Amino acid sequence: MAPDTLPHSVQAGAAPAARPDGRRRRHWTRRPNPLAGLGSAVWLVVVLVPVYAMITASLTPRDEALGHNALKPPAHPTLANYSTVLHSGFFHYLGNTVLAAVAVVALVLVLCVPLAYVAVRTRGFWSGAAFRLFLLGVAIPAQAVVVPLYLMIAKLNLYDSLLAIVLPTAAFAMPVAILVLTGSLRDISDEVYEAMALDGASPLRMLFQLVIPMAKGGISTVGIYSALQAWNGFLFPLIFTQSEGPRVLTLGLFTYVSQFGVDIPALLASVVLSGIPVFAVYLVARRALVGGLMGVGGK
């Protein structure tokens, strides 16, 4: 095609194409925001400095840990601390933590997705009362009910087992899960439900073919939140377990704390290793996490 036959908008030096109303399009550019850039830089330093200090300390020999400057790279870096962690039952604790996290996520999703669906689609008194009762759980701290929970776990013969960790963790994750899921489900318009109802769809079919596919963001957020609750949980493993069998990562950190001192480099090496899976999950699912939390303010 000859240059003189090209469209006017793509010829060299051509002016911006006119819009249908006769006005020319404007090419908007974002103005720089120095204050936002400065705030982001400060926040990045606040976040990265402790991580850097933790990694630096985990590479420091044990005999140099107490006199070592946390912000200074170690003079003789070593991986001996990571070797100590990996040979001190780390994979056993990691396996128990993964099992507990998977069980908590499965339990929360199986129970909370139908409950949120009923709370959104049912206008009756009892459904509203049940929804408010679940939200009341957000205001109840786990420390306030740990003694009754201990008695219940003991009477059910679940003490010193993974179920003693899974069940309370899932119960305390459910109120926030219900809140997030109801916010996501309210974003589905009533017209879509009515269209499926006219096609003869049952409530169960609507749940599986409409609600779950359209609420993937909220479900992903609930799954990540519940997994983090199980991964970082400390109170329930400490109170409801005792032996080495059901021990999880948070309790495994006590391996490096003795009556006469603390193996700080090995402790921090264990923290670094236990944080890698969480960081990897966050990198993969961060968009779904943010999108699901935005659904809490839905209509």
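Remember, it's a predicted structure, so these values are computed and weren't measured experimentally. Within each chain, residue numbers correspond to sequence positions counted from 1 in written order. Owing to the predicted nature of the model, reporting of local features is limited to residues with pLDDT of at least 70; listing and counting of side-chain atom pairs is limited to 80 or more, with chain, interface and lining totals taken over all residues. Working from all heavy atoms in the structure, the side-chain values ignore hydrogens and water.

Focus on the overall build of the protein
The secondary structure listing takes helices from DSSP runs of H or I that are at least 4 residues long and strands from runs of E that are at least 2 residues long, numbered from the N terminus. Helix and strand counts for the protein come out as 12 helices and zero strands. We call two residues in contact when some of their heavy atoms are within 4.5 Å. Nonlocal contacts in the protein, meaning residues at least 24 apart in sequence, comprise 70% of its contacts between residues at least 6 apart.

Quick notes on the environment of Leu238
Among the secondary structure elements, Leu238 is positioned in helix α10 (residues 235–240). Note on classification: 1.4 Å probe, protein chains only; a residue is buried when its accessible area is under 20% of the maximum for its type, exposed when over 50%, partly exposed between these limits. Here Leu238 falls in the partly exposed class, since its relative accessible area comes to 39%. Each C-alpha atom of the pair Leu238 and Asp160 lies 9.8 Å from the other, and the pair is 78 residues apart in sequence. The contact partners of Leu238, leaving out residues within four places of it in the chain, are Leu251 and Phe254.

Examining the packing of helix α4 (residues 125–136) against helix α6 (residues 163–185)
Lines fitted to the C-alpha atoms define the axes, with helices restricted to the stretch that makes contact. Angles between their N-to-C directions range from 0 to 180 degrees. For the pair α4 and α6, the least separation of the axes is 7 Å and the interaxial angle reads 130°. As summarised for this structure, α4 and α6 are arranged oblique, according to the angle between their axes. The two elements α4 and α6 cross, and the hand of that crossing is left-handed. Where α4 approaches α6, its residues Phe131, Phe134 and Leu135 are matched on the opposing element by Met174, Pro175, Ile178, Leu179 and Thr182. When describing relative orientation, an angle under 35 degrees is termed roughly parallel and one over 145 degrees roughly antiparallel, while 65 to 115 degrees is termed roughly perpendicular and anything else oblique. What makes a crossing left-handed is the near helix being turned counterclockwise from the far one by less than a right angle; a clockwise turn instead makes it right-handed.

Things to note about the nonpolar core
Think of a nonpolar core as a cluster: buried Ala, Val, Leu, Ile, Met, Phe, Trp, Tyr and Cys residues, connected wherever their side-chain atoms sit within 4.5 Å. Judged by nonpolar contacts, the single largest core of 44 residues is most densely connected at Val85, Val108, Cys112, Tyr117, Leu181, Leu185 and Tyr193. Mapped onto this core, the elements with two or more residues apiece are α2 (80–86), α3 (90–121), α6, α7 (190–198), α8 (203–214), α9 (216–232) and α12 (264–294). In terms of residues, this core owes the most to one element, α3, which gives 13 residues. Beyond its immediate stretch of four places on either side in the chain, Tyr117 contacts Leu185, Tyr193, Pro203, Met206, Leu207 and Val211. Ala142, Val146, Ile153 and Phe236 belong to the second-largest nonpolar core, a separate cluster that totals eight residues.

Things to note about α8
Within α8, burial applies to Met206, Leu207, Leu210 and Val211. Down the axis of α8, the smallest arc covering the buried residues is 130°, so these residues share one side. Exposed residues on α8 whose side chains face more than 90 degrees from its buried face are Leu204, Phe208 and Gln209. Looking at the buried residues of α8, the elements they touch are α3, α6 and α7. Regarding the arc, it is the one traced by the directions from the helix axis to the C-beta atoms.

So, the packing of α7 against α8
Running from N to C, α7 and α8 cross one another at 135°; their axes reach a closest spacing of 11 Å. The angle between the axes of α7 and α8 places the two elements in the oblique class. Viewed along their axes, α7 and α8 form a crossing whose handedness is right-handed. Touching Val192, Tyr193, Met196 and Ala197 of α7 are Arg205, Met206, Gln209, Leu210 and Val211, all from α8. Each residue gets one of three labels, nonpolar for Ala, Val, Leu, Ile, Met, Phe, Trp, Tyr, Cys and Pro, charged for Asp, Glu, Lys and Arg, and polar for the others, Gly among them. Counted by class, the contact of α7 with α8 contains seven nonpolar, one polar and one charged residues.

Examining α9
Over its 17 residues, α9 extends 24 Å from the first C-alpha to the last, a length consistent with the 24 Å expected when each residue adds 1.5 Å. Within α9 the residues assigned to the buried category are Gly218, Ile219, Thr221, Val222, Gly223, Ile224, Ser226, Ala230 and Trp231. An expected span of 1.5 Å times one less than the residue number is assigned to each helix.

What about the side chain of Asn96?
Residue position: Asn96 is located in helix α3. Leaving out residues up to four positions away in the same chain, Asn96 has contacts with Leu162, Gly245, Pro246, Arg247 and Val248.

Let's talk about the environment of Leu251
Structurally, Leu251 can be placed in helix α11 (residues 249–252). The buried category is assigned to Leu251, whose relative accessible area is 8%. The sequence separation of Leu251 and Phe234 amounts to 17 residues, and the corresponding C-alpha distance is 6.9 Å. Aside from chain neighbours lying at most four places away, what touches Leu251 is Phe234, Pro237, Leu238 and Thr241.

Geometric descriptors of this kind do not, in isolation, establish any biological role.
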